[in-house]
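# Topology and contacts: notes
For reference, the chains in residue letters:
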Amino acid sequence: MTESTTTRVSDAADYFTLGDAIADTKAPHDVSVPQMWEERKAHANLVNPANRRKIKVIMVGTGLAGASAAATLGEAGYHVESFCYQDSPRRAHSIAAQGGINAAKNYRNDGDSVYRLFYDTVKGGDFRSRESNSWRLAEVSASIIDQCVAQGVPFAREYGGLLDNRSFGGVQVSRTFYARGQTGQQLLIGAYQALERQVAAGTVTTHTRHEMLELVVVDGVAKGIIVRDMVTGEIETHLGDAVVLATGGYGNVYFLSTNAMGCNVTAAWRAHRKGAYMGNPCYTQIHPTCIPVSGENQSKLTLMSESLRNDGRIWVPKKKEDCAKDPRDIPEEDRDYYLERIYPAFGNLVPRDIASRQAKYMCDDGRGVGPEVDGVRRGVYLDFADAIDRLGLEAVKTKYGNLFDMYKQITAENPYELPMRVYPAVHYVMGGLWVDYDLESNVSGLFVAGEANFSDQGANRLGASALMQGLADGYFVLPYTIANYLAHPAERIDESHPAVVEAKQAVEERINHFLTVNGTRSVDSYHKELGHLMWEYCGMERSKEGLTHAIESIRELKADFWKNVKVLGTADTLNQSLERAGRVADFLELGELMCIDALNRRESAGGHFRAESQTPDGEAERIDEEFAYVAAWEWGGEDGHTPVLHQEALSYEAIEMKARSYK
């Protein structure tokens, strides 16, 4: 701990106040979990088709959740205003997903079922997800595949023409549908085509290169948004009957992540500051198979699909002196296939959090491979030699060819001849805005879909479930639940309303501050320093001392940012420095809350390994009697006010809560 931080390791309670307990009141708890979704749909209010034309829904985000929801609502007859900061909806980050999408269709006849997918989701999430939402996700999964096939998504097929499946980490069945290593891209094209069909029909209006900078709330009800035209700089107001945020995750708080550089938390964070609870913000997914860091000047990391663990074998040298050798010169008896050794039941297909943590242990033990960065080799081998011998080179190329090509382009190494080198990196986030069973936040009329909400994945996400949640929310959940709200919409307001004037003025003042502070440090320098603090102290392993240090350091960094950041350019034109300044300002506040949430959660759950909470053999140890709840954080306000923690108790009736084992 440096001299610039507090000399006392603070308790978590020093940083927040405890608020009232909360509960999900929308799920019909008078029926069993498998019956909940049918019961909810059966009793939800409906909107007359003639009335739908009078209703406007604001949709922020055009990834899988946002595009599919906008298309479905538009086809139902609602008027949808769709916003994205990219130059086309097709450039949403969903396009980067590689490995596949889960669905409980049991095509392989290997024992899969809705219950099994539900069980794997809750167990994989370390029993920290809401049971009702996880069951619904598994229940509607099969319909997603039928929808996408009807749209022409080119899923891989077996020789006889049936859709092919492969396995992913944390499961013992093959339920993942895929399109080589381009599944996200192909699914997004399908959703984009559905969206553009409604644009042509006149039910959806798209606004590209527009960034949401504020939520308009009146008496606890969401009424619209304030956006900036990123090309002209114009500040615009858009009002409607409901607002949907489908803006993805906030992994870029770590600076280095697998996310696109533009991915941010601003839309969700602006909603949080206006009263929406932030659920489980410290729950971050560390992906085990990413191309390792190669130097100090990187701006992002590259994901290698987890599907590679189907046929690739993970290993490191048994001897530290072998780490610098050509892997082909290391004999079989001197290789440690550590996942197969430690977890024989699942082997290389253990969940992401376990695979990531073990890779870190191997490298911390001095048995990492690849070039040294800051004196440490951070990499493990992902080897396809056995698969090529077993399946043949052409079969491997058919399944993984584009992934191998991408790896070769980035590393200048041929993975058909040399094992890939991979290491964990920040990828997805399970935390997000708190929502109830209807995907509505505690702010009435504000709905949150896809990765932007917290609801389905717990403390760790199974591979191939992100695409599933995005499309489930957009195609099959939100269109039902938002109708229940829109059946009796609140009265609309106009741009002269004081809440609109105040929100727009706040945006203008914030922009003016960034442009006039004229400090000495670049926006990116603050982001990089924040990312280092987050990765070191709120990343794969956490401790009370480290998190306390991070909180105090982030507070100092945040104070300096507002006084000393330098933003070039003007407000009335394209200004990416200004865009990044607003996003980093929100990341600084989010990072502080993430560390407070992690400090309070004194347990190891999923990918969140608390050094003080582990079993004798070094595995994660939950503390169910204290932490079996969703942490829903309320904005504490400015001027040093602390955030307020609301707890939603987690209980299970369709599954038994127990310690995970993949051995």
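Residues numbered from 1 in each chain as written. Predicted model: local features only at pLDDT ≥ 70, side-chain atom pairs only at ≥ 80, totals over all residues. Heavy atoms only, no water.

## Points about the domain arrangement of the protein chain
Worth spelling out the cut-off: Where each domain starts and ends comes from a domain assignment, either automatic or drawn from a database. We call two residues in contact when some of their heavy atoms are within 4.5 Å. Accessible surface is computed with a 1.4 Å probe, and the buried area is the amount of it that two parts give up when combined, taken over both parts together. Criterion for a salt bridge: a side-chain nitrogen of Lys or Arg within 4 Å of a carboxyl oxygen of Asp or Glu. Definition of a polar contact: a pair of N or O atoms within 3.5 Å, with one able to donate and the other able to accept a hydrogen when the atoms are protein atoms, and with sequence-neighbouring residues admitted only if both atoms are side-chain atoms. The numbering of helices and of strands both runs from the N terminus, where a helix is a DSSP run of H or I of at least 4 residues and a strand a run of E of at least 2.
Its domain assignment divides the protein chain into domain 1 (287-426) and domain 2 (498-649). Placing a centre on the C-alpha atoms of domain 1 and another on those of domain 2 gives a separation of 31 Å. The interface of domain 1 with domain 2 comprises 11 residues on the first partner and 10 residues on the second. Across the interface of domain 1 and domain 2, roughly 840 Å² is buried in total on both sides, 54% from carbon and sulfur atoms. Contact with domain 2 buries area across many residues of domain 1, yet Arg 357, Lys 360 and Tyr 361 alone supply 49% of it, more than any other trio. Where domain 1 packs against domain 2, one counts two salt bridges. The salt bridge involving Glu 541 is made with Lys 360; its shortest N-O contact spans 3.9 Å. The interface formed by domain 1 and domain 2 includes one residue pair in polar contact (both at pLDDT 80 or more). At the level of secondary structure, the elements contributing two or more residues to the side of domain 1 that touches domain 2 comprise helix H9 (352-364) and strand E18 (420-429). Sort the elements by how many residues they give to the side of domain 1 that touches domain 2 and H9 lands first, with six residues.

## Digging into empty space enclosed by the protein
Here is the rule: Buriedness of a pocket was judged along seven lines, with at least five required to meet protein on both sides within 12 Å; pockets are open sets of points on a 1 Å grid over the protein atoms alone, cavities are sets where a 1.4 Å probe fits but cannot get out, and lining residues have an atom within 4 Å of a point. Grid points are joined across faces, edges and corners, and a volume is the space filled by probe spheres set on the points.
Under the defined criterion, the tally for this structure stands at seven cavities of 30 Å³ or more. Within this model, the largest cavity holds a volume of roughly 120 Å³. Mapped onto the lining of the largest cavity, the elements with two or more residues apiece are strand E7 (210-218), helix H13 (498-516) and helix H16 (576-600). Examining the composition of the lining of the largest cavity, we find that four residues originate from one element, H16, more than from any other.

## Here's the deal with unusual backbone geometry
This is how it is decided: Burial here depends on accessible area, computed with a 1.4 Å probe over protein chains only, as a share of the maximum for the residue type. Under 20% is buried, over 50% is exposed, and the range in between is partly exposed.
Despite not being glycine, Asn 109 shows a phi value in the positive range, around 55 degrees. Positionally, Asn 109 belongs in the loop between strand E4 (101-102) and helix H4 (114-124). Residue Asn 109 is classed as exposed on the basis of its relative accessible area of 67%.

## Some thoughts on the sheet that holds E7
Backbone-to-backbone hydrogen bonds pair the strands of a sheet. The strands run either parallel or antiparallel. Counted only if it meets this: When DSSP locates at least two bridges between a pair of strands, those strands are taken to pair. Lines fitted to C-alpha atoms define the axes, with helix axes restricted to the stretch in contact, and inter-axis angles between N-to-C directions lie between 0 and 180 degrees.
Reading across from one edge, E7-E8-E9 is the order of the three strands in this open sheet, with antiparallel pairing throughout. Whereas interior strands pair on both sides, the edge strands pair on one side only; in this sheet they are E7 and strand E9 (235-239). Averaged over all neighbouring strand pairs, the angle between strand axes comes to 25 degrees, with direction disregarded. Note that E7 and strand E8 (residues 221-229) share eight bridges and pair antiparallel. In the strand pairing of E8, Leu 215 is matched with Ile 225.

## Describing the confidence of the model for the protein chain
Heads up, the condition is: Every residue carries a pLDDT, the predictor's confidence in it, which falls somewhere between 0 and 100.
Of all residues in the protein chain, 98% have pLDDT values of 70 or greater, and the mean over the chain is 94. Low pLDDT (under 50) marks residues 1-7, which in the prediction has 12 contacts with non-local residues, meaning those over four places away or in another chain.

## Notes on the environment of Gln 614
Within the fold, Gln 614 resides in the loop between strand E24 (609-610) and helix H17 (624-627). Distance in space between the C-alpha atoms of Gln 614 and Thr 573 is 53 Å, their sequence separation being 41 residues. Setting aside residues no more than four positions away along its own chain, Gln 614 makes contact with Phe 609, Glu 619 and Glu 621.

## Focus: the pairing of E9
The element E9 is extensively covered by neighbouring structure, given that five of its five residues are classed as buried. Here E9 shows a buried face lined by Ile 235, Thr 237 and Leu 239 and a second buried face lined by Glu 236 and His 238. The pairing of E8 with E9 spans five bridges and is antiparallel. The partner of Gly 224 across the bridge, within E9, is Leu 239. Here E8 folds back onto E9 in antiparallel fashion, the turn holding five residues, of which Gly 233 has a positive phi close to 85 degrees.

## A few points about the environment of Arg 90
Relative to the helices and strands, Arg 90 resides in the loop between strand E3 (79-83) and E4. Among the residues examined, Arg 90 registers a relative accessible area of 34% and is labelled partly exposed. It is 27 Å that separates the C-alpha atoms of Arg 90 and Ala 104, two residues lying 14 residues apart in sequence. Dropping the residues within four chain positions of it, Arg 90 is found in contact with Ile 95, Leu 188, Ile 189 and Tyr 192.

## Remarks on the sheet that holds strand E6 (residues 204-207)
Reading across from one edge, E6-E3-E2-E10-E20 is the order of the five strands in this open sheet, with parallel pairing throughout. At either end of the open sheet lies a strand with only one pairing partner, and these are E6 and strand E20 (446-448). Between one strand axis and the next, the sheet turns through 20 degrees on average, direction left out of account. Where strand E2 (residues 56-60) and strand E10 (residues 242-245) come together, four bridges link them in parallel fashion. The residue of E10 that forms the bridge with Val 57 is Ala 242. Along the sheet face, helix H12 (residues 466-486) touches E2, E10 and E20 and points at about 155 degrees away from the line of E10.

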